[in-house]
Amino acid sequence: MPKLPKLPAPPVPSALQAPPPRPGDGNGRAAPADHAKHAGRTLVDWVDERTSLSGGVRWMLFRKVPKGTNWFYTLGSATMFVFLSQAVTGVFLAMYYRPDPSGGAYESIRYVTNDVFLGQFVRGMHKWGSSVMVILVFLHMGRTFFFGAYKYPRELNWVIGVVLLILTMVMSFTGYLLPFDQRAYWATIVGVNINGTGPLIGPYLSDFLRGGPEFGATTLSRFYAIHMLLVPGLLAALIGAHLYLVAKLGTTAPPWLKAEEPPELREAEV
Amino acid sequence: MPDKHAEQKPKYTLERQIPGAFEGETVTRRRFMTASAHTAGAIGAAAFALPSLGFALGPIFKSTPVRWESVGPVDMFSEDNYIPVVLTLNPTIGEAGKTTVYVRKFNATIDTDPYDRNTPYIAISSRCAHLGCPVRWVDAAERFICPCHGGVYDLLGRRVGGPPVRPLDRFYTRVNKDSEVELGPRFSVNSELRRFSPRDPGEPLDGIGQYLYPSRPGAQKL
């Protein structure tokens with residue numbers, strides 16, 4: 001394994017840096033103030049000594065990136081940030097939401113929107129965040145495509161990315177039903193019927209989604225379970241795999257950047 | 001690179017000088033233990049995974065009970081115009097479980113298709129055969145018109161325009177002893193008004209359509 005790079009020193013002018021402790025200060029023992037000063041470092045060291053996590057963290061975060069890396073390379077982490085925002089706001093929305101098809105679902109959403117302190121704001125973040133996530137996923141996919149970043153050896157990461165795209169769409173589709181208003185109801189009717197137009201397995205898939213031949217009480221709880229348990233778990237696991245491969249394989253240079261010839265291969269010197 | 005598989009080991013454990021080997025034994029105890037542990041793990045995982053899967057997929061195979069619901073007295077309906085009635089498909093979910101059905105009396109001059117004989121009333125579902133939006137009977141046009149994607153159907157519910165792939169679904173009808181019209185289960189029809197067990201919208205029934213979109217296992221023939 002290659003030697004891991006050291007953390008960069010913080011950019012403090014040398015005049016302002018504390019002088020290193022001299023032997024003999026404080027009778028050779030650390031004063032309580034010194035202990036307090038180093039508490040954070042001591043804690044991190046304590047954990048690291050028992051887990052060796054710092055190597056992994058440095059492997060993940062302090063990577064070499066190619067020359068020419070630009071703002072387009074942030075679309076993936078932007079998508080992940082929106083996913084985290086969706087996860088956090090979703091967890092808190094679940095504290096108020098009731099998947100009850102005979103009026104309770106709509107009433108609980110109305111309560112969140114109108115009565116809960118900051119409810120409209122948190123629900124708004126979740127609602128608009130879902131659109132932002134879909135847009136960012138497509139921009140990230142476009143960046144990968146146009147920069148040729150899907151090519152060997154990164155094909156598997158493209159495949160995982162496509163699965164993540166599909167799961168994001170599943171999240172959008174299942175989340176759309178949960179407010180249980182007219183728009184949610186009819187959008188779900190139409191969406192499930194689009195599913196049903198797939199030959200042979202389409203009708204069975206529709207019955208699975210609805211929990212029966214007609215839209216019923218189980219449809220809402222099914223969509224709720226898929227939306228908040230099944231797909232988020234899959235998404236988080238696959239995002240982990242996606243990130244692991246990014247760290248392992250490194251990112252690509254933008255296509256307009258030519259590789260520098262090694263000096264020994266330059267024509268003039270041969 | 002030397003191929004580690006090239007070297008053939010003797011078949012019997014006895015010949016491989018394994019301590020405590022039995023006569024005629026071919027599987028080492030290590031391999032046997034590994035296989036046993038894997039089998040036990042697979043049985044354990046299947047014990048919770050298969051019931052859960054069946055639990056989630058169960059509704060596909062469940063047959064729905066036949067419900068008949070009275071929608072009004074016989075003299076409420078005429079031969080030449082549709083009367084919209086509200087039918088409850090699912091009584092447990094309030095308004096979301098209701099649907100509008102257009103009902104009229106059987107009319108021998110219009111309903112000439114052989115499949116419609118012996119039907120006292122014609123009950124046409126308002127569920128569009130494209131993607132399931134609610135269609136509306138427009139008197140002036142004498143057409144069923146869908147607001148979503150422009151599906152248009154004629155008096156018999158046959159498609160005359162737009163994206164729908166088959167005519168509007170129908171419901172079985174009968175007259176009960178109190179002279180009330182009752183609506184029963186839904187059925188789908190192809191473009192010749194031949195009857196099929198109910199299909200979801202968007203699933204054609206002409207040609208190979210009825211095979212590409214099979215009837216659901218729980219569907220009952222009436």
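In case you missed it, the structure is sitting above this.
Residues numbered from 1 in each chain as written. Chains lettered and ligands numbered in written order. Predicted model: local features only at pLDDT ≥ 70, side-chain atom pairs only at ≥ 80, totals over all residues.

Section: the overall build of chain A
Next up, step 1: A count of helices and strands for chain A gives 10 helices and zero strands.
Next up, step 2: Scanning chain A from its N terminus toward the C terminus, one meets helices and strands in the order α-α-α-α-α-α-α-α-α-α.
Next up, step 3: Relative to the compact-globule value of 18 Å for 270 residues, chain A shows a C-alpha radius of gyration of 26 Å, a clear excess of over 25%.
Next up, step 4: In terms of principal-axis extent, the alpha carbons of chain A reach across some 80 × 65 × 30 Å.
Next up, step 5: Looking at the 270 residues of chain A, the share that counts as buried comes to 21%.
Next up, step 6: Put simply, of all contacts in chain A between residues at least 6 apart along the chain, 70% involve residues at least 24 apart. (Helix = DSSP H or I, 4+ residues; strand = E, 2+ residues; numbered from the N terminus. Rg over C-alpha atoms; globule rule 2.2 N^0.38 Å. Buried ≥ 20, exposed ≤ 12 C-beta atoms within 10 Å, placed from the backbone. Contact = placed C-beta atoms within 7 Å.)

What about the interface of chain A and chain B?
Next up, step 1: Listed as interface residues are 27 residues of chain A and, on the opposing side, 23 residues of chain B.
Next up, step 2: Taken together, the elements giving at least two residues each to the side of chain A that touches chain B come down to helix H8 (182-196), helix H9 (202-210) and helix H10 (217-249) of chain A.
Next up, step 3: For the side of chain A that touches chain B, the leading source of residues is H8(A), giving seven residues.
Next up, step 4: Residue classes in the side of chain A that touches chain B are distributed as 14 nonpolar, 11 polar and two charged. (Nonpolar A, V, L, I, M, F, W, Y, C, P; charged D, E, K, R; others polar.)

What about the packing of helix H7 (residues 155-177) of chain A against H10(A)?
Residues and elements named next belong to chain A.
Next up, step 1: Remark: H7 packs on H10, axes separated minimally by 9 Å, with the N-to-C direction vectors making an angle of 160°. Classified by the angle between their axes, H7 and H10 sit roughly antiparallel to one another. Both H7 and H10 take part in a crossing whose hand is left-handed.
Next up, step 2: Of the residues that constitute the contact of H7 with H10, the class distribution is 19 nonpolar, six polar and no charged. (Axes fitted to C-alpha atoms, helices over the stretch in contact; angles between N-to-C directions. Parallel < 35°, antiparallel > 145°, perpendicular 65-115°, else oblique. Left-handed = near helix turned anticlockwise from the far one by under 90°.)

Points about the nonpolar core
Next up, step 1: Core analysis: the largest hydrophobic core is formed by 23 residues, its most contacted members being B:Val101, B:Val103, B:Ala123, B:Ile124, B:Val135, B:Leu168 and B:Leu183.
Next up, step 2: At the level of secondary structure, the elements contributing two or more residues to this core comprise strand E3 (98-105), strand E4 (121-125) and strand E10 (180-189) of chain B. (Core = buried A, V, L, I, M, F, W, Y, C linked by C-beta atoms within 7 Å.)

Brief notes about helix H2 (residues 39-51) of chain A
Next up, step 1: In this model, H2(A) (13 residues) spans 18 Å end to end at C-alpha, consistent with the 18 Å of a helix rising 1.5 Å per residue.
Next up, step 2: Looking one or two residues beyond H2(A), the residue adopting positive phi is A:Ser52, at roughly 55°. (Expected span 1.5 Å × (residues − 1).)

Regarding the environment of B:Asp178
Residues and elements named next belong to chain B.
Next up, step 1: Structurally, the position occupied by Asp 178 is in the loop between strand E9 (170-175) and E10.
Next up, step 2: By C-beta crowding, Asp 178 is classed as exposed, having 9 other C-beta atoms within 10 Å.
Next up, step 3: When the C-alpha atoms of Asp 178 and Ala 219 are compared, they prove to be 29 Å apart, with 41 residues separating the residues in sequence.

Regarding the pairing of E3(B)
Residues and elements named next belong to chain B.
Next up, step 1: Across six bridges, strand E2 (residues 83-88) lies against E3 in antiparallel orientation. Its bridge partner lying in E3, Val 86 is registered against Thr 100.
Next up, step 2: Relative to E4, E3 runs antiparallel, the two sharing five bridges. Note that in E4 the partner of Tyr 102 across the bridge is Ile 124. (Pairing = 2+ DSSP bridges.)

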